[in-house]
Amino acid sequence: MRKILSLFGVFFLLAISIHAQEVKPITWKDIPNWKYMPGPAFQISNDGQWVAYGLVELEGDGEIILQKVGVDSTKQTLKIGSTSYPSMQFSEDGKYFIYTEYPTFSEKKANQKSKGKPLKNKAILIKLGSDDKKEFENVNNYSFNRDGSSVLAINLSKEGNGDAKGSDLLIYHLGSEKAQNIGNVSDFSFNKAGNYLAYTVDAANQSGNGLYLMNVAANSIQILDSDKASYKSIGWTEKGDALSALKMVKDKKYKQDKGQVIGVKNLAAPSVTIYDPAKDSVNFDQAYTISGNRRPEWSEDLTRLFYGIHPLELAKKEEPKKEVDKDSVAQAESAAMKKIMADTTIKSISDLQKAISKLDSGKTKGKKENDADKPEMTIWHWNDARLQSRQQIMENRDKNFSFYSMYDVASKKHTQLQDSSMLELNILDKELYALGSDISAYELDINLDGQSYRDFYIVNLKTGEKKELFKKFYMPGFASYPRESPDGTKLIYGNDGHFYIYDIATGQSTNITENIPTTFVNTEDDHNVVKPMNSPLGWSSDSKYVLLRDGWDIWQVPVGSTKEKATNLTLNGKTDQIRYQYRFGLDPEEKGLDLSKPAYIRTYGEWNKKSGIAKISPAKKGGLTPGVEVLLWEDAYVSSLGKAKNADTYYFSQGTFNKAPEMYLTNASLSNPTQVTDATPDADKYAWSAGTRLVDYTSDKGVKLQGTLFLPAGYQEGKKYPTVVYYYEKLSQTRHNWYNPGYSGTGWNPNVYTSNGFAVFIPDIVYTMDDPGMSAVWCVIPAVKEAIKTGVIDENNIGIHGHSWGGYQTAFLITQTDMFKAAAAGAPLTNMISMYDLIYWNSGGGNMSIFEASQGRFTGGPWENWDSYERNSPVYHVKNVKTPLLMLHNDKDGAVDFTQGIEYYSALRRLKKPVVLVQYKGENHGLSKLENRKDYSVRMMEFFEHHLKGKEAPEWLEKGIDKIDLDEHLKERAF
């Protein structure tokens, strides 16, 4: 028996050895065909009986896995062609499944090469539990009729048809398997019950254009309105008992179409309201029209329609022709012709034709010069509330802006609800009131120092009356912004470290947190703002409570009762250093937090990085009962809790750094979960990180912090490994985050590095005001020293890398220490003084507000705080650099100006320091083109493998590449 066991042991060890030999590090060449589940692209049928998920490849074809849940589970693999994200849908009754099949990757490549016509998609309908399949060609999009689940509407791709915007809409009846075609449909939408389909027709020459309503069961169609107009923006009420739309009519006098609002209710015998503002000179300013850029909406009680209006702009008129003195023109042309003839040798008809052509050219040139006498310029004025660059970015939004307005159907009265003195308006639930705000008085200062203020107003939606709510309200963060109760009668807002309830009807504010023995201020926020609040979890659905977070625990706070006190629901968060982060919403149609049902809360362990799900049960008297039931608590990343709509089937996601997140099916207690996905089917072919370790350390300023050390694949205890240190701000919480192997826009992928024998260390950084660079020094260096004590890190072969803000910290760290053997900095800020006055081109705004109230963490501008800005600027300490540096910075970087990279590169080059700057033409802050992402990912790893592993330096790194040889170099490296 012992011999048999011994022999078995030998075979077992041999099997493990063979398996270990089979796996290999994942290479950059493996990634184009790496198969993975994006998103996750996961769906469950409403009855909980079926699940589907997608798998895609970067440069290959994807598939959908469709499977029955349970013991008799069946699985189908459905080929879907090449896409980055699968399109699929279950019918509401769980009997049908439809998905899109795209052209294959090879078909797309061949078509791109031949510059052929756009390729078409298919839709494939499956009757679940059978072999029945139905294919539909040339598909644009599709939709089941929601709760009805009796028909499928398929909008086919447009085929020519002149000026028409519409295309064929196929209505496929699932029961009879018969189809009907409706032509020239441009927009369609089912109501919630699925018994009505509204659609618009947009045909050639606007023949038959209109808004139509189909009774699905009766298969009958009614014309709600038809005209020589464009119809758009269909919107159903939430109940599906009424719909609204826009009717847009061309008027040659104006640049925009003139709008009308259509409201339809009483669907069995439709009552159609059409409001045409052109016929309402009493209430409607005729300098305006109804905007086509805002979808109209009914009020919940179906008494009013809400829509947007904007000014009309006259079409450009042709300038009247001036009377021309024909004799003067003739004399001028004769003189010009004589000059040309004198300067030209005429020997043939051809020479004469050239002379005449020269005269005509002179006429055209003169005309163009007259047309172009208007300069192209921009005037930047110091009083501009928004920089001209910001105005350019926002120009289309500004042009398309519309003011909320309302039409009372019974009184037939239009009321404008906002104007230029109140550019933001949010219609509150139940449509009793609206919350308006305006920043115009403070916009210039907001854009300069980043400290945010605004005026707030309440608008009565019955009368249109506006009254002031707050003047110069301070906004240290979005958590302070007023948020309405589900009944639309109250607001919660944050002010000066407390939360208040504002009763709209009475105009009274009540401080609801002053007597609670905790603070709801986010004390860990280290930006230059005053008393930022932790965001509330939300209102209860009955509007009696709000749930607030103090950063650790969740509190249930009554808003109306003076007898009931606030309750700590989770009890042990602060004590056990567990963060109760947010509530999972299981009902997408829920209005507010339904406290009559259990609340599922996402949990996170601050110092062990575990995560899980806890449950709080409802109380008999209303609200929730204090105390949590821990359902999941794992050394993993747990998230995405959901529920099948009509079944007690729950699902959640769980993964780790070295295992992709998978979806699990379970019950309400989350017990005995079953894995139903295989998110990375080829993962067993490759070697992954051997695990993670937490490193506790204390910053040089005495702050207790952590870092996460990711072990290399094949890690052996006692062996030291080359290590790349990566950081941004606080990132130790990513201990269990899976990084899908791919080409990122920054070149960095920790899973690819650990697979290839690197250890990766990610420490936390916290900030001291006026010292963003030094803060990195005070946190990163002690973190790395502590991590070296684990015995994993080869202290002689440590590299550092960061991008953007992390790139800044990399550029700064190498001016302060020589402990790193190589550094890669992506898009780094390098001169805080010059950077302060530059523009964040992606938004068009200035950097000064970012420096003073956001990531920069400075108090004031450079002229008020020169030493701090200089002390924390890498370029001013460049003489200290000894570490070889690889920089990525692109010429169209709209976040960190390209000049920042050039400044640092030029200074290092002047001092003959080892630096290579890699620039990808036309790219922004990160790389977007696949060929560029591939190229830089490989180059950065080559850089670290040379410096940290001793591999031979490639030519581009050792000697550089001359411009004349670059094209050939790039061709040789392309894969």
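Here is a short report on the structure shown in this document. (Residues numbered from 1 in each chain as written. Predicted model: local features only at pLDDT ≥ 70, side-chain atom pairs only at ≥ 80, totals over all residues. Heavy atoms only, no water.)

Direction vectors running N to C along helix H16 (residues 930-949) and helix H18 (residues 963-973) enclose 90°, while the axes themselves pass 11 Å from each other. Compared by their axis directions, H16 and H18 come out roughly perpendicular. Between H16 and H18, the residues in contact are Asp-935, Val-938, Arg-939 and Glu-942 and His-969, Leu-970 and Arg-973, respectively. (Axes fitted to C-alpha atoms, helices over the stretch in contact; angles between N-to-C directions. Helix = DSSP H or I, 4+ residues; strand = E, 2+ residues; numbered from the N terminus. Parallel < 35°, antiparallel > 145°, perpendicular 65-115°, else oblique. Contact = heavy atoms within 4.5 Å.)

Right, let's get into the pairing of strand S4 (residues 75-81). Consecutive residues of a regular strand have side chains that alternate between opposite faces of the sheet. Relative to S4, strand S3 (residues 62-68) runs antiparallel, the two sharing 6 bridges. Residue pairing in the sheet places Ile-64 in a bridge with Leu-78 of S4. The loop that links S3 with its antiparallel partner S4 comprises 6 residues; one of these, Gly-70, has a positive phi angle of about 115°. (Pairing = 2+ DSSP bridges.)

Glancing now at the side chain of Ser-91. By the secondary structure assignment, Ser-91 is in the loop between strand S5 (88-90) and strand S6 (96-101). Polar contacts involving the side chain of Ser-91 include one to the main-chain amide nitrogen of Lys-95, which spans 3.3 Å. If we ignore the near neighbours within four places in the chain, the residues touching Ser-91 are Tyr-96, Phe-144 and Ser-149. (Polar contact = N/O pair within 3.5 Å; in protein donor to acceptor, adjacent residues only side chain to side chain.)

To continue, consider the side chain of His-736. Here His-736 shows up in the loop between strand S47 (721-726) and helix H9 (750-755). The contact partners of His-736, leaving out residues within four places of it in the chain, are Lys-609, Asp-635, Ala-636, Tyr-637, Gly-655, Thr-656 and Phe-657.

Okay, H16 next. With 20 residues, H16 extends 27 Å between its outermost C-alpha atoms, agreeing within 8% with the 28 Å of an ideal straight helix rising 1.5 Å per residue. In terms of burial, H16 is largely enclosed, as 15 of its 20 residues are buried. Just past H16, the residue Gly-950 takes up positive phi, approximately 80°. (Expected span 1.5 Å × (residues − 1). Buried < 20%, exposed > 50% of the residue type's maximum accessible area, 1.4 Å probe, protein only.)

This paragraph deals with the sheet that holds S5. The sheet built from 4 strands is open, its strands ordered S5-S6-S7-S8 with antiparallel pairing. Across the chains shown, the open sheet's two edge strands, defined by having one partner strand only, are S5 and strand S8 (133-136). For this sheet, the mean angle separating the axes of adjacent strands, direction not counted, is 15°. In terms of strand pairing, S6 meets strand S7 (residues 122-127) through 6 bridges, oriented antiparallel. Within S7, the residue paired with Phe-97 across the bridge is Ile-126.

In this model, Gly-39 is joined to Pro-40 through a cis peptide bond whose omega is 10°. Take Pro-40: it is sitting in the loop between helix H1 (2-22) and strand S1 (42-44). Positive phi is not limited to glycine here, since Glu-431 has a value of about 55°. By secondary structure assignment, the location of Glu-431 is in the loop between strand S25 (424-427) and strand S26 (433-438). Exposure remark for Glu-431: the relative accessible area of 14% places this residue in the buried category. The phi angle at Leu-571 is positive, at roughly 70°, despite the residue not being glycine. Tracing the backbone shows Leu-571 in the loop between strand S36 (567-568) and helix H8 (573-576).

What follows covers the nonpolar core. Phe-761, Ile-800, Leu-829, Met-832, Phe-851, Leu-885 and Tyr-904 are the most contacted members of the largest nonpolar core, which has 57 residues in total. Sort the elements by how many residues they give to this core and helix H10 (residues 772-788) lands first, with 10 residues. Residues contacting Met-832, with those up to four places away along its chain left out, are Pro-772, Trp-805, Tyr-808, Phe-851, Phe-858, Tyr-869, Asn-872 and Ser-873. Counting 52 residues, the second-largest nonpolar core is a separate cluster that includes Trp-28, Trp-34, Ile-65 and Val-752. (Core = buried A, V, L, I, M, F, W, Y, C linked by side-chain atoms within 4.5 Å.)

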